Structure formats: structure tokens, C-alpha cells
Amino acid sequence: PDQTTAVDMWAVGVIFISMLSGRYPFFKVADDLSSLFQIMNLLGSQPVVEAARAMGKVVSVDDIPGYDLSSACAVSRESIHIASCARCTELGAGTNRARACPIQPIIPSAIQLLTGLLDPNPHTRTTAEDALKHEYFSVPPPPPLSRKSAESPGSGEMVAFNASGTVPPPLSLKWV
């Protein structure tokens, strides 16, 4: 009864994470409880508990750490690319990610916007007006990867997924 356009912005966030991760649908659920679990598994339980508290509700759950959205999207994109790229298959990228074709990095402003759109608290979630004014829409896209780097997997412009510059193990979101 008290729903606002914030629920629409959540939906924009779900579409945006599908675009950034290459995974559609991003959430696969049969019921509301499974949906809540997937959201907490992705974002962590603390933001959901805090959002519930802000709305006068109580959610009691063990701490779930969640994922870094940038890494989650990048690993998903890379995994989907490797699985569908004949060149990556030929080069054995499925067992050695360093052999994968380079993929375009996700710009930081995209993750900043995504984080605001997927805020579990509808009162602090990015509004449509704020989203349209977001830096993401004013920053030019990164230049295309060079042909040279595309022809030299493992030695071109690879995305560093974490602080150590290594690719983390495949994301293991539990879809129930």
C-alpha cells in the first residue's frame, strides 16, 4: 500500500546488474523467501537487516558477508564469455583464465550507480532523478580494447578483479 517509485528503481537495478554481469535473469526465484535469500547472498545480510529496521521490521539472520558488486559482475561476465567464446575454448581459458580474451572493464561509476539502485532501503535508494544525474551517464565509455590485445590473450588489457590483481575463484551464488 505504501509502495513508491523506489520499487521501480530496484527493478532498474536488477536490469542493470543483468547488463553488467551478462547474466539474465540475474535472480532466479520461485518464491519471496528464496528471493530474500538471494538478495542477502549478493548484498550481504547487514544492509537488509538495516533496511528492515528502518521500516520498523525485524529480520534475524546469521551474518552473510555478500559480494563486492564489481567483482561479482566481472567474474560473471568473464565466465559467460569464456563459456561462449570459441577462441577462449581453443586456448583452454576454461581451466586457465589467463588465456581468456580480454574483456572491457566495468567503469567504477557503473558500480556506484548499481550500488545505489540495489540499496535494500527504499528511502535511501537512488531515485530516478538522481540516477539520471549520475556520473555514469556523463563519463565517456572506455575506449575499445585494441585488436592487438584481443589477439594476445593473457597479455592484453585484463581486468584486475581484486586488490591483489588476481582473478578470484568463480562466484558461487547459491540458487535454490
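Residues numbered from 1 in each chain as written. Predicted model: local features only at pLDDT ≥ 70, side-chain atom pairs only at ≥ 80, totals over all residues. Heavy atoms only, no water.

Caption draft 1: Quick peek at the nonpolar core. Among the nonpolar cores identified, the biggest contains 25 residues, and Phe-16, Ile-17, Leu-20, Leu-42, Leu-43, Leu-69 and Leu-114 are the most heavily contacted of them. Listed by contribution, the elements that provide at least two residues to this core are α1 (6-21), α2 (32-43), α4 (69-84) and α6 (108-117). Beyond its immediate chain neighbours, meaning those up to four positions away, Leu-20 contacts Cys-73, Arg-77, Ile-106, Ala-110, Ile-111 and Leu-114. Grouped together as the second largest cluster of nonpolar side chains are 6 residues, Ile-82, Cys-85, Ala-93 and Cys-101 included. (Core = buried A, V, L, I, M, F, W, Y, C linked by side-chain atoms within 4.5 Å. Buried < 20%, exposed > 50% of the residue type's maximum accessible area, 1.4 Å probe, protein only. Helix = DSSP H or I, 4+ residues; strand = E, 2+ residues; numbered from the N terminus. Contact = heavy atoms within 4.5 Å.)

Caption draft 2: The arrangement of the side chain of His-134 in detail. Looking at the element boundaries, His-134 is found in the loop between α7 (128-132) and α8 (147-151). A relative accessible area of 18% means that His-134 is categorised as buried. The contact partners of His-134, leaving out residues within four places of it in the chain, are Ser-109, Gln-112 and Leu-113.

Caption draft 3: Layout of α6. α6 sits mainly inside the fold: 7 of its 10 residues count as buried. Restricting attention to buried positions, one finds in α6 the residues Ser-109, Ala-110, Ile-111, Leu-113, Leu-114, Gly-116 and Leu-117. Each element contacted by the buried residues of α6 is listed here: α1, α4 and α7.

Caption draft 4: Fine view of the packing of aromatic side chains. Across all of its chains, the model carries 3 aromatic pairs by this definition. Arranged with centres 5.2 Å apart and planes meeting at 85 degrees, the rings of Phe-26 and Phe-27 form a pair that is edge-to-face. Residue Phe-26 shares its accessibility class with Phe-27, and that shared class is buried. Aromatic pair Tyr-136 and Phe-137: ring centres 5.1 Å apart, planes at 75 degrees, arrangement edge-to-face. When its relative accessible area of 24% is taken as the criterion, Tyr-136 is described as partly exposed. Ring-pair connections join several aromatic residues into one group, and the members of that group are Phe-16, Tyr-136 and Phe-137. (Phe/Tyr/Trp six-rings, centres within 6.5 Å; stacked < 30°, edge-to-face > 60°.)

Caption draft 5: Here's a closer look at the layout of surface pockets. Its boundaries defined by the atoms lining it, the largest pocket holds a volume of some 740 Å³. Along the wall of the largest pocket there are 20 residues; nearest its centre are Gln-3, Met-55, Pro-120, Pro-122 and Arg-125. Going through the elements one at a time, α1, α2 and α3 (45-54) are the ones with two or more residues in the lining of the largest pocket. A total of 4 residues in the lining of the largest pocket trace back to one element, the largest contributor, which is α2. (1 Å grid on protein atoms, 1.4 Å probe; cavity = no way out; pocket = protein on both sides within 12 Å on 5 of 7 lines; lining within 4 Å. Points joined across faces, edges and corners; volume = space filled by probe spheres on them.)

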